[in-house]
Structures are given as C-alpha cells and as structure tokens.
Amino acid sequence: MTDSFAPSPAVQQAPVAIIGWGTAGVNALIGLRNAGYQGPVQVFSNTGIPPYSPILTSYYAGGAKTYDQCFPWSSEDLADLNPQVMANCPVTRLDVKERAIHTPQGTFPYAKCVIATGAKPMCYGFPQVEGFEPLVLRTMDDAQRLKNAITDPTCKRILISGASMVALKTLEACVERGLEVSLVGMMPHVLDRNALPQAAERFEEGLRSYGITLRLGTTVKAVEVLSPQEAEAAGAKLRVTFANGDVDVFDHISVSHGMKCNLDFVPEGALEMDRALVVDRFMRTSDPDVYAAGDVAQAFELISRSKQIVGIWKNAAVQGNVAGTAIAAEMAGHAPDQKRAFTGSIATNTIEVMDLLFNSAGTMMVGQTEQVEVRESQGMLVVYVFTTEGMPEGQRRLVGFNLVADKRNGDLSRAYDTGAMLTLRIEAAARDFLQQAGR
C-alpha cells in the first residue's frame, strides 16, 4: 500500500460494489454511509428479495415466524442507504485486473469491491439418488421447500442427516410440525465440532426425551425411492440403508453436511485464498481494492491467533462495517483509521432446540496444555476449557466453554447470563494475553 489512497479520477467515477446482499453486505453499506461516503454503491444480489436472516429460516419452516419476519431491515431503512440494487443478478466472474464485475446482465466497473456472498449448504458424502433431491436449509427458497415438505399431510417421518446446528434447527422445525424425527450423524455426538463430549451427551439426553431417534456414529449408505405400491405397503416414500446395516423408511430426508463459501466467481489465483479469502485488519484481500466480509472472509481469531472463518451473524455484521468504513476513508484519499480496524473475534454459538439450550465460546481443542472441568448447578451443566500455554507456572486462563440447560428445569435467564459472562471473560483473557505477548 502507498501513502496516497485517492483513486484516479477515472476510478472515482466507478461505483463501490458490494457482491452479496446479506448482513455483511448491508453492514458494509452502513459503514460506507456512516463514514461519510455519499457516492454510488452498486449491490449485486442473486435473488429478487430483500436481505434476510438465514438464522430465521428454520423458524419460518417450523411455523414460529412468518415470511415477513425473516427480513431484519425495512424497505425504508434500506432506501435511506441509497443503494443501486441489481436484483436477480448473480456475479459470474470478478476481474480484479480490470476492476470489472461480470454478470448475465452485463459487465460493471468498480472502484472498490466488497465480497459478501456468504456460504451455501453442501451434501458431502450423501449418496446421489435418481429422482430424489434432499432438503437443505440456508436460503428462503430452501426454507419454503422445507416448509412445503413438512406441512404436507402425507409426510409423517423425516430423517435429518448431519448433526450440526443447522441440522438441529431443521430437526426442531420438523418436531414443531408434529413429525416423527430421526437424526443420523457420522460423529459419535451431536453438535459436531462445537461441543465437548460431556455437553453433547447431556444435549442428546434432552433430544431423546422428545422422542427423537439418534443414530450416531454411522452414515447413510443408500437411499431408494419406493414405487407407489411399495410406498403404500411401507407407509413411507424412501427406504434408507445405513452404513451399520440398519434399514428404515422415511418420507423425506434433510441433509446438513457443512457449508461452502460462495466464491465460484473468483478466478483461481486472483486473490489469496485458504479456506476462504484471507483478509487483513481492514478486511482487505490480497488485492487492495477488494474486501471480503462474513463467511467468505478468513480473518484474525483470538484464541488460535491465526486467520479463521468465524461464520456467525454478529461477526459478519462487524466485518462488513469495518470494510465499508475503510473503503470510505480510502475513497476520501486517506488511510483508514487504525481504531476502526477489525481486532479479532472468537467463535461463539447459541442454539435453542425446543426447551434445550446450548451455548459455547472459544476453542474446543483439547491438547496437552488444556484442562477440562465439568461443573453443574441448578440443572445447568458447564464444561470449562482452561489452558496453561504461555502462562506462568501454576496459572491458567479460560479459552473455551460449553453450557447446556433445559427450560423444563427452570427459567433460562441464568444460563444466558452465565454464557454471556463466560464469553466476555474468554475474549478479555485472549486480548490481555496477546497484549502481554506484544502481538
């Protein structure tokens, strides 16, 4: 980077581009406007609907939210930000050398660009079946398809393949619709890499208490679409063979086997990429005119002290705002304010499934320098992870926790307060450690 940040006159005539119209993209626009940038902003969206919250899609499918309640920003709020939204205009290629965005609707120049395209659900390892497409959950279209399936009177039994938070929220939507639900996961416990065994086991006890069948430590080997005669005899539409040899029948299958960054439009080698786009403290990629935020950004994580994807709503919002604020400064001809840089984050997760609460923050990696403690009081289980790494002899610091509570045993407010307190404690300890280490 040079000392001068003012774009050339030709570049200044081009708009700032935002690719993706979710929380990262909206907050990039908010950052731009709040920092004083009044120039044109062109937003590229692959849908024709306003920005929505993927967090709320399961609630819509399950009946707890209406369609309109999945959209956090009103049309008036968005209009005040004065974007030029290119609806139903997916980006097919980003040309960083020419500063051009290619779409089916044409090619558009940009002065600065924010990539905020999020992630899409994948069905890694799920067998392909002719004439059958499993349900997934991420977009509003996914939620509508899930809702249509689980409100169909002929749907009685559903299989959830995967044990992630998305899988569990899908499971909840199905339970709310009165279906008989089974969950299959290749790992020995639910919540994949977010939970330690002690917490996962407690959460599993709660799931089973709702009549949910858990098939853990196995996978779906084959799926057969039954003929009408077979379906009538079996009372279901699909025959599923599991890797452990079990066979069962279901009407639908929902698959939650992970997410993949939406970066197919970025040519190989155009930008530095690991699991996502590698960014600096201002969310700049390896090209100083291209920024990234949200699920497509690999930014500084406090516990590992490395660049990681932290795919949560709050993180996407903060990163988008940082990017927009930095771009506004550079478009005005000066360096971004160091005080407005992204200072790092920690992984946090909170999920309620029926009356069960799971909350976590920090790392779940337990090695030779980590110590795990399990404490329980008033029906709330908390698993703590401490580390002695880099600490004076006899001292340790908190680097992670899991919390499980059940609303049927009392109000969850204490559990939420405890989780919030522990999250702040972990983040503060991580920042103090980095400051003392001079990083």
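Scope of this entry: the structure provided in the associated data block. A quick note: this is a predicted structure, and the numbers were derived from the prediction, not measured.

1. Looking at the overall build of the protein chain
Then step 1. The secondary structure content of the protein chain amounts to 10 helices and 25 strands.
Then step 2. Projected onto the principal axes, the alpha-carbon positions of the protein chain cover approximately 70 × 60 × 40 Å.
Then step 3. By the burial criterion, 52% of the 439 residues in the protein chain qualify as buried.
Then step 4. Taking the contacts inside the protein chain whose residues are at least 6 apart along the sequence as the reference set, 63% of them involve residues at least 24 apart.
Then step 5. Treating the 39 positive side-chain charges of the protein chain as one cloud and the 48 negative ones as another, the clouds have centres 3 Å apart.

2. Topic: empty space enclosed by the protein
Then step 1. Counted according to the given criterion, the structure contains 1 cavity of 30 Å³ or more.
Then step 2. Lining of the largest cavity is provided by Leu302, Ile303, Arg305, Arg397, Leu398, Val399, Ile426, Ala430, Phe433 and Leu434.
Then step 3. Elements represented by at least two residues in the lining of the largest cavity include exactly strand 25 (397–406) and helix 10 (413–436).
Then step 4. Counting residues per element, the lining of the largest cavity draws most heavily on helix 10, at 4 residues.
Then step 5. In the lining of the largest cavity, the residues fall into 8 nonpolar, no polar and 2 charged.

3. Concerning the sheet that holds strand 21 (residues 348–353)
Then step 1. The 5 strands lie next to each other as 21-22-25-24-23, forming an open sheet whose pairing is antiparallel. Looking along the sheet, the strands with just one partner apiece sit at the ends: strand 21 and strand 23 (370–377). When strand polarity is set aside, the average angle formed by the axes of neighbouring strands in this sheet is 10°.
Then step 2. Taken together, the 8 bridges between strand 23 and strand 24 (residues 380–387) define a ladder with antiparallel strand orientation. Looking across to strand 24, one finds that Gln371 is bridged to Phe386.
Then step 3. Here helix 7 (residues 197–209) sits on the sheet and contacts strand 21, strand 22 (356–362), strand 23, strand 24 and strand 25; the angle it forms with strand 22, its principal contact strand, is near 160°.
Then step 4. Strands strand 21, strand 22, strand 23, strand 24 and strand 25 of the sheet are contacted by helix 10, whose axis makes an angle of about 170° with strand 25.

4. Re the packing of helix 2 (residues 23–34) against helix 9 (residues 313–331)
Each packed pair of helices is defined by two parameters, the angle between the axes and the distance between the axes.
Then step 1. The N-to-C vectors of helix 2 and helix 9 enclose an angle of 35°; their axes lie 6 Å apart at closest approach. Every pair of crossing elements has a handedness; the one defined by helix 2 and helix 9 is right-handed. Of helix 9, the residues touching helix 2 (which contributes Thr23, Ala24, Asn27, Ala28, Ile30, Gly31 and Leu32) are Trp313, Ala316, Ala317, Gly320, Asn321, Gly324, Thr325, Ile327 and Ala328.
Then step 2. Looking at the contact of helix 2 with helix 9, its residues break down into 9 nonpolar, 7 polar and no charged.

5. Things to note about a nonpolar patch on the surface
Then step 1. Together, Val366, Val372 and Val374 make up a nonpolar patch on the protein surface, roughly 210 Å² of accessible area in all.
Then step 2. Within the secondary structure, Val366 sits in the loop between strand 22 and strand 23.
Then step 3. Residue classification places Val366 among the partly exposed positions, given a relative accessible area of 44%.

What counts and how
- Residues numbered from 1 in each chain as written.
- Predicted model: local features only at pLDDT ≥ 70, side-chain atom pairs only at ≥ 80, totals over all residues.
- Heavy atoms only, no water.
- Helix = DSSP H or I, 4+ residues; strand = E, 2+ residues; numbered from the N terminus.
- Buried < 20%, exposed > 50% of the residue type's maximum accessible area, 1.4 Å probe, protein only.
- Contact = heavy atoms within 4.5 Å.
- Lys, Arg positive; Asp, Glu negative; His and termini not counted.
- Charge placed at Lys NZ, Arg CZ, Asp CG, Glu CD.
- 1 Å grid on protein atoms, 1.4 Å probe; cavity = no way out; pocket = protein on both sides within 12 Å on 5 of 7 lines; lining within 4 Å.
- Points joined across faces, edges and corners; volume = space filled by probe spheres on them.
- Nonpolar A, V, L, I, M, F, W, Y, C, P; charged D, E, K, R; others polar.
- Pairing = 2+ DSSP bridges.
- Axes fitted to C-alpha atoms, helices over the stretch in contact; angles between N-to-C directions.
- Left-handed = near helix turned anticlockwise from the far one by under 90°.
- Patch = residues over 30% accessible without salt bridge, like charges linked within 9 Å, V, L, I, M, F, W, Y side chains within 5 Å.
- Areas by Shrake-Rupley, 256 points an atom, 1.4 Å probe, with all protein chains shown as cover.
- Salt bridge = Lys/Arg side-chain N within 4 Å of Asp/Glu carboxyl O.

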